[in-house]
Amino acid sequence: MQYQYPLPEAIGNPDLLVGRESEFALLNKWISRIPDRLSKSRALLARRKSGKTAIVQRIFNRLWSENGQVIPFYINIPERNVWFPNFALGYYCAFVSQYISFLERDETPVDSPLTMEQIREYGRSKSMRQIVTDVDSMLHYKKNRDHDLLWQTASSAPKRYARLYDQR
């Protein structure tokens, strides 16, 4: 299968990621069990500059290209201070933008996340009430400085959407 690369890989040319057959074999087995809810969380631990990001980005691009039962999500957390409400909104926009990208088969929202207004409009146009409700709630929570509720809504979105729309 020819992969698409909606998420630019940190390694540069995708052909440069070589020699990771054993790691990908383990991860492929783990991914294959996700639709049946048999996989548990995994962590990749290694020293700096050993290819962790490249592996995760490749998995994202593979799952996005396969358009199967497992919907990928990738977020890069910056190594700097970020205001908690902004992080929550950024997390949510990244997740929903990638989710929409996967559903619509449009690469653009992966690298250029949608705004809250664009996400809300998508939810409204596709009759996805939960997305509209989440956006409205999060904007309300931010305005009222309910930062815990803001983060709770953002961070629970992947799990809630998987359950609501019967996806993984």
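Our subject is the structure that appears above.
The structure displayed is predicted, hence computed values, not measured ones.

Peer 1: Teacher, can you tell me more about the overall build of the protein chain here?
Peer 2: Regarding its fold elements, the protein chain presents seven helices and zero strands. For a compact globule of 168 residues, the expected C-alpha radius of gyration is about 15 Å, and the protein chain comes in at 17 Å, within 12% of that figure. Seen through its principal axes, the protein chain has C-alpha atoms that stretch 50 × 35 × 30 Å. Burial status across the protein chain gives 38% buried among its 168 residues. Counting contacts in the protein chain only where the partners sit at least 6 residues apart, residues at least 24 apart contribute 66% of the total. Of the roughly 10,600 Å² that the protein chain leaves accessible, carbon and sulfur atoms contribute 50%.

Peer 1: Explanation requested: the pattern of salt bridges in the structure shown.
Peer 2: Side chains that differ in sign of charge can pair as their charged atoms come close. The full count for this structure, using the stated rule, is seven salt bridges. A salt bridge links Glu9 to Arg58, with the nearest nitrogen and oxygen atoms 2.8 Å apart. With a gap of 49 residues between them, Glu9 in the segment before helix H1 (21-32) and Arg58 in helix H2 (residues 52-66) connect regions that are remote in the sequence. On the basis of relative accessible area, Glu9 is assigned to the buried category, the value being 9%. Among the ionic pairs, Arg160 bridges to Asp134, the shortest N-O distance being 2.9 Å.

How each quantity is defined
Residues numbered from 1 in each chain as written. Predicted model: local features only at pLDDT ≥ 70, side-chain atom pairs only at ≥ 80, totals over all residues. Heavy atoms only, no water. Helix = DSSP H or I, 4+ residues; strand = E, 2+ residues; numbered from the N terminus. Rg over C-alpha atoms; globule rule 2.2 N^0.38 Å. Buried < 20%, exposed > 50% of the residue type's maximum accessible area, 1.4 Å probe, protein only. Contact = heavy atoms within 4.5 Å. Areas by Shrake-Rupley, 256 points an atom, 1.4 Å probe, with all protein chains shown as cover. Salt bridge = Lys/Arg side-chain N within 4 Å of Asp/Glu carboxyl O.

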